[in-house]
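Topology and contacts: notes
Spelled out, the chains give:
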Amino acid sequence: YDIKALKTDGTTGFVKVYTTFFYWKGKPAILIFATDITEQRRIEKELVENEQKYRLLAENSIDGIALYEEKKMVYASPAYLEMFPEMKRLKTYDKYIETYVYEDDVKNVKQFFEKLGGKKFSEGSMRYRVVKEKDVIRWMEDRLKLVEENGVQKLQVLAIDVTDRVENEFSL
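Anyway, here's the lowdown on the structure attached to this text. Not measured: the values here are computed from a predicted model.

So, on to the overall build of the protein. Counting its secondary structure elements, the protein contains six helices and eight strands. For the protein, the N- to C-terminal ordering of α and β elements is β-β-β-α-β-β-α-α-α-α-β-β-β-α. The C-alpha radius of gyration of the protein comes to 26 Å, more than 25% above the 16 Å expected for a compact globule of 172 residues. Expressed as lengths along the three principal axes of its C-alpha atoms, the size of the protein is roughly 90 × 30 × 30 Å. Within the protein, the proportion of its 172 residues that are buried is 28%. Counting only contacts in the protein whose residues sit at least 6 apart along the sequence, the fraction spanning at least 24 positions is 30%. Taken as a whole, the protein presents about 12,400 Å² of accessible surface, with 53% of it coming from carbon and sulfur. Taking the average place of the 30 positive charges on the side chains of the protein and the average place of its 31 negative ones, the gap between the two points comes to 6 Å.

Here it is in C-alpha cells:
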C-alpha cells in the first residue's frame, strides 16, 4: 500500500510499503519494505495532466485528427468524424477512397497512399475532393505523417476542409 510520509529532510513524499508476516527465532514478526515513490507519483501526475491537455486539444480542434494502424482507424477526433461521418462505419481509408473521393481524384489519392506505404516518404500533404450528400463537393487537404509507436507503424492524419480557400483561389 502507498502512504504519505515525512522524509528525513522535513519534506513529505510517498512510500510504497510491503509487509510480510513470519516467525523469527520462534516468535511472530513483521518484515517491512518501504520504497520512496515520490518521483514516480510526480511523473504519473504530470503524464495524466499532459494527456488531458492533448486530449482537450484533439477533441476540440476544428481540424480533423485521426490515427490509422494498418489502414484501420484507431482514433478519430470529433471534427474528423464530422468531416468524414462515413468513417464510423467504414473504418479503413481504402474503402473511403473508393466510395467518397471525387472520381477524378481517386487515382492521385491512391498513388499518394502507395508512396507513403512504400516508405518513399514519411510525411506529406495532398489536396483532393470528396463527395458529400446530394453531390455536394468539398475540398480537403490532408497532412499525413508516418509515426512509430512501440515498433508499430501508424499513420497520423490532420484533415482540413479547405473548400472556402480553394473557391477563393478560383475566383481570383
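What follows covers the layout of surface pockets. Estimated volume of the largest pocket: approximately 320 Å³. Lining the largest pocket are 17 residues; nearest its centre among them are Lys-71, Tyr-93, Phe-113, Gly-117 and Leu-155. Going through the elements one at a time, strand E4 (64–69), helix H4 (93–100), helix H5 (106–117) and strand E8 (152–161) are the ones with two or more residues in the lining of the largest pocket. For the lining of the largest pocket, the element with the most residues is H5, which contributes five residues. Considering only residue class, the lining of the largest pocket consists of seven nonpolar, two polar and eight charged.

With that settled, consider the pairing of E4. Here E4 shows one buried face, formed by Gly-64, Ala-66 and Tyr-68, and one open face, formed by Ile-65, Leu-67 and Glu-69. Relative to E8, E4 is paired through six bridges, and the arrangement is antiparallel. What sits directly across from Ile-65, in E8, is Leu-158. Counted between consecutive antiparallel strands, the loop separating E4 from strand E5 (residues 72–76) contains two residues, among which Glu-70 sits at a positive phi close to 50 degrees.

The rules behind each value
Residues numbered from 1 in each chain as written. Predicted model: local features only at pLDDT ≥ 70, side-chain atom pairs only at ≥ 80, totals over all residues. Heavy atoms only, no water. Helix = DSSP H or I, 4+ residues; strand = E, 2+ residues; numbered from the N terminus. Rg over C-alpha atoms; globule rule 2.2 N^0.38 Å. Buried < 20%, exposed > 50% of the residue type's maximum accessible area, 1.4 Å probe, protein only. Contact = heavy atoms within 4.5 Å. Areas by Shrake-Rupley, 256 points an atom, 1.4 Å probe, with all protein chains shown as cover. Lys, Arg positive; Asp, Glu negative; His and termini not counted. Charge placed at Lys NZ, Arg CZ, Asp CG, Glu CD. 1 Å grid on protein atoms, 1.4 Å probe; cavity = no way out; pocket = protein on both sides within 12 Å on 5 of 7 lines; lining within 4 Å. Points joined across faces, edges and corners; volume = space filled by probe spheres on them. Nonpolar A, V, L, I, M, F, W, Y, C, P; charged D, E, K, R; others polar. Pairing = 2+ DSSP bridges.

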